[in-house]
Amino acid sequence: MPSPWSRRAFLLTTGGSALALTASGLTRSDAAAAEEADAYEALRAKWRTLILGEGFSPTAEPFKSRLADLGATARELRATMAPVAGSLWPDASYADPDPDTDQESYGYSANVVTGYGRLNTMAQAYRQEGTGLTGDAGLKADILTGLDHLHAEVYHADQARFGNWYSWQIGAPQHLLDVCVLMYDHLSAAQVANYCAAVDHFVPDSAVGSYTGTSTGANRVDLCRVLALRGVVGGDSAKIALARDALSPVFPYVTSGDGLYTDGSFIQHTTVPYTGSYGSVMLGGLGMLFALLRGSAWEVTDTKKQIVFDAVEKAWAPFLYNGLVMDGVAGRAISRGLTATDAKKIQADDHRRGHPIMAAVVLLGQGASAAENARWRGLVKGWIRRDYYSPPLSDASLGLTGLARLQDVEDDAAVTAIAEPTGHRLFPNMARATHRRPGWATSISMADPRITYYETGNGENLRGWHTGSGMLYWWGDSFANGQYSDAFWPTVDPYRLPGITASRKVLADAAGGDWGASLPDVKWVGGASDGQRASIGQYLKGLQSTLRAKKSWFCLDDSIVCLGAGIACTDGAAVETTVENRNLGPTGTTSFQVDGVAKPTAAPWSATLTGAKWAHIGGHGGYVFPGGATVKALREQRSGKWSDINKGGATTALARTYLTLYVDHGTAPTNGTYAYALMPGASAAQTAARSADAGWLQVLANSDTQQGISVPSLGFTGVNFWFGGTVGKLVASAPCSVQISEQGDGTAVVCVSDPMRAQTSLTLTWNRAVSAVTAKPATVTSAVTGASLKLTFGDLTGTKGATQRITVRLG
């Protein structure tokens, strides 16, 4: 039976001390109830700190200005709030005339979230110091009015949901419960009960009853946040315990569907690589929940949470570069630039998606080991200091809590900034790869039967059709960090994304269907890597196209060699391989030369470059065409609007100049090919010298059956066997990817993978004298050395496309 004493009575009588209650003659049950009340109060206080921030002075910059902006925003929201039937603000109606789950209803349900989100902003201005509205009685009254209005009108226990499930189960209740925590001492018991009943209606315990559907990965963490805060606000221990326990399915590695994989992949929506968007939400949400419950009776004690800590460097760090998170793992978020409703006109981009991940890593570190925490703070300081394009400490979209965490790292003299690592990472479970070298980094995006071409949905990312067709992103350490940030997505030609091979067959917006519905029926996608270099391949089939192509990337020390073959298509439209499509900004007068001859810097300009051996874009890098090639070049200004690719985007026209290099395969190719090497950051002289060095690169094969290269000076050989066969000194009995690196010390590392995950047996012969095998995986069932090396592999189907590494001593 509950104590007849209210929480406020307990605290007023005793100052919150259960011991004082016992001493004053109250019963043991009263004392227990008071102790429980103290526990909930402690959690509310902790959550207030988590959402308001700590450790900063409201009179010091950059916090002083940010708090003033928060106050100004809250004043504007107060001035425009007008509670009437169907809306709390005139521009955010939730009165859906035809409530269902179509796109229109999605908009109406999103306005429920908008309403609570604005109240959350006002509540933060009320509680934060330095906003000019701290403790303002009128603001308090308006917040409470808004809460009651939304509850009475739309978010209550008798309301049937419409539109997007997310609005009702995550978006609205998260904001509502945050406001309840911030304004708790001003809410009546009836208000708390009503708001909790509404949350219980839309987010019942069954929402986390099974780890399926919309209750996986980041969504599961969000749902657990709602349940935990529902328990904190309503004083319900069982809800908090449920939230804690429901996190456990998030921790273990998965082998299919949503979640973290052993190779560092993170998938959401079953088929979408989402480290940089949903993964960010999951990381941030887990950090907050771990921090909330740490030291309480509901602490997360599942030892598998260490998998999340391990994933900081295994899954997230590989996609963070100089403060940005690579777009190839951001799904449809790449289309969220400027929104039509954002009065402040703050553009979302890869940098502004990266900064919250950095802040989440800092928070997560508070619950990790001392060694992990120290290293992560070093990583974060490095990212902060290298992000010259979009400095994190000036990011107006980063919340005060995130800003405070990053500022704390920056100000900590005991933390030494850690440099960007070098090396290669393959993520076969999400058809992605990253390659990092001193001065630059790249990322490759592919698609296969498990990973979608691209994701569209909610009217977002309407033209991302070819982002999984071998898009090759790259950035420099001190240049081009805004390459994909500066209005790239609404202005770039979506048929000419850098690195892709595509038909120019016209595709409809959102072609292929929502939520990653379209998957190519090709299995050979992946590669082999020793952690420094790699051989990567993609058997490409075009989206809603007859296009077929074999694409390979050989990732080396100062370059990436790109081969294409077997390019065929009967669409009746031009087929192109885009060597480069560089965003040169609004003016775009960057120098461009081909074989040492400067080309015009004004747009528009175009030319067919016959027999071109090399090209160079000033301030960016070089391109080498082995043996010469016919390449088309184009400098053009392109315009577009965010609303072209996202229905919620701003309608303001934007213009950017692009310098494009592409190979035109014609309208009906039957066996098109290409070969080029990308040299990020190289000077014109370095590019010319590489082109003139005829012995540096040997293209061993570039056909529909095999593609391979050798670089003798590096001791590197890489071959993608689309079918078994012989390439140079390598003979494979079945499809596989092979990379060999001779170390220069009498040893070599042989790396083999089965990207198809289909080989029950494989024999690889390297016609090179080998005296011994010094290390091999269990998949190698026999190894014969001598005048040649013969490796026999057993069943590779369970390796998930992972690299099998063998170390040998050369004879």
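Everything below is about the structure shown above.
Since the model is a prediction, treat every value here as computed from it, not as a measurement. (Residues numbered from 1 in each chain as written. Predicted model: local features only at pLDDT ≥ 70, side-chain atom pairs only at ≥ 80, totals over all residues. Heavy atoms only, no water.)

Focus: the environment of F592
Mapped onto the elements of the fold, F592 is located in strand β16 (residues 592–594). Through-space distance from the C-alpha of F592 to that of H616 is 5.7 Å; in sequence the pair is 24 residues apart. Apart from the residues within four sequence positions on either side, F592 is in contact with V597, A598, K599, W605, L609, A615, H616, I617, A633, R635, L659 and L661. (Helix = DSSP H or I, 4+ residues; strand = E, 2+ residues; numbered from the N terminus. Contact = heavy atoms within 4.5 Å.)

Structural notes on helix α14 (residues 370–386)
Taking 1.5 Å per residue, 17 residues should reach 24 Å; α14 reaches 25 Å between its end C-alpha atoms and fits that length. Taken together, the buried positions of α14 are occupied by E372, W376, R377, G378, L379, V380, K381, G382, W383 and I384. Tucked into the core, α14 has its buried residues touching α12 (306–316), β4 (320–321), α13 (350–365) and α15 (400–411). (Expected span 1.5 Å × (residues − 1). Buried < 20%, exposed > 50% of the residue type's maximum accessible area, 1.4 Å probe, protein only.)

Topic: the pairing of strand β22 (residues 698–702)
When β22 meets strand β23 (residues 706–711), the two strands line up antiparallel, connected through four bridges. Note on β23: the bridge partner recorded for N702 is Q707. (Pairing = 2+ DSSP bridges.)

Here we look at the nonpolar core
Grouped together as the largest cluster of nonpolar side chains are 197 residues, with contacts concentrated most on L119, L147, Y155, W489 and F592. Not counting the four nearest positions on each side in its chain, Y155 is found in contact with V112, Y116, L150, W168, A172, P173, L176, A198, V199 and F202. Core analysis: the next-biggest nonpolar cluster, separate from the first, contains 25 residues, A701, A734, C736 and V780 among them. (Core = buried A, V, L, I, M, F, W, Y, C linked by side-chain atoms within 4.5 Å.)

Some details on the packing of α13 against α15
Contact geometry of α13 with α15 gives a least axis separation of 9 Å together with a crossing angle of 70°. One element, α13, and the other, α15, form an angle in the roughly perpendicular class. Regarding α13 and α15, the two cross each other, and that crossing is left-handed. Each of H355, M358, A359, V362 and L363 in α13 lies in contact with α15, whose residues at this interface are G402, R405, L406 and V409. A breakdown of the residues in the contact of α13 with α15 according to their chemical character gives six nonpolar, two polar and one charged. (Axes fitted to C-alpha atoms, helices over the stretch in contact; angles between N-to-C directions. Parallel < 35°, antiparallel > 145°, perpendicular 65-115°, else oblique. Left-handed = near helix turned anticlockwise from the far one by under 90°. Nonpolar A, V, L, I, M, F, W, Y, C, P; charged D, E, K, R; others polar.)

Thoughts on the sheet that holds strand β2 (residues 266–268)
In spatial order, the strands read β1-β2-β3; together these three strands make up an open sheet with antiparallel pairing. Only two strands of the sheet have a single neighbouring strand rather than two, namely β1 (259–260) and β3 (272–273). In this sheet, β2 lies alongside β1 in antiparallel orientation, the contact comprising two bridges. Following the sheet pairing, L260 is matched in β2 by F266.

Quick notes on the pattern of salt bridges
Summed over all chains, the structure comprises 36 salt bridges. Residue R48 is joined to E41 by a salt bridge in which the shortest nitrogen-to-oxygen separation is 3.4 Å. E41 shares its class with R48; the two are buried. Of the charged contacts, one joins R768 and E742 as a salt bridge, the two residues approaching to 3.1 Å between their closest N and O atoms. On the criterion of sequence distance, the pair formed by R768 in the loop between β29 (762–766) and β30 (770–775) and E742 in strand β27 (residues 736–742) is long-range, its members being 26 residues apart. (Salt bridge = Lys/Arg side-chain N within 4 Å of Asp/Glu carboxyl O.)

Quick look at the pairing of strand β15 (residues 575–583)
In regular strands, side chains alternate between the two faces of the sheet. Within β15, nine of the nine residues are buried, leaving the element largely enclosed by the surrounding structure. Taken together, the three bridges between strand β10 (residues 501–503) and β15 define a ladder with antiparallel strand orientation. Directly across from A502, in β15, lies its bridge partner E576. Strand direction decides the pairing type here: β15 and strand β20 (residues 654–666), joined by eight bridges, are antiparallel. Considered in β20, the bridge of T577 is made with V663.

Describing helix α4 (residues 63–80)
The end-to-end C-alpha distance of α4 is 26 Å, a good match for the 26 Å that 18 residues give at a rise of 1.5 Å each. Along α4, the residues classified as buried are F63, R66, L67, L70, G71, T73, A74 and L77. The arc that holds the buried residues of α4, viewed along the axis, is 160°, so those residues lie on one side. Exposed and oriented more than 90 degrees from the buried face of α4 are E76 and A79. (Arc of directions from axis to C-beta.)

Some words on the sheet that holds strand β25 (residues 725–727)
A sheet is described by the order of its strands in space; here five strands give the open sequence β25-β26-β29-β32-β31, paired in antiparallel fashion. Looking at the sheet topology across the chains shown, the edges are occupied by β25 and β31 (780–784). Strand after strand, the sheet turns through a mean of 15° between neighbouring axes, direction not considered. For β25 and strand β26 (residues 730–732), the ladder comprises three bridges, and the chain directions are antiparallel. Across the sheet, the residue bridging to G725 is A732, located in β26.

A few points about the packing of aromatic side chains
Applying the stated criterion across every chain, the model contains 25 aromatic pairs. Through pairs of rings, three or more aromatic residues link up here, namely Y473, W475, Y484, F488, W489 and Y658. K305 extends its terminal NZ or CZ atom over the ring of F290, reaching a point 5.4 Å from the ring centre. In this structure, R690 packs its charged tip against the face of W696, placed 3.7 Å from the ring centre. (Phe/Tyr/Trp six-rings, centres within 6.5 Å; stacked < 30°, edge-to-face > 60°. Lys NZ or Arg CZ within 6 Å of the ring centre and 35° of its normal.)

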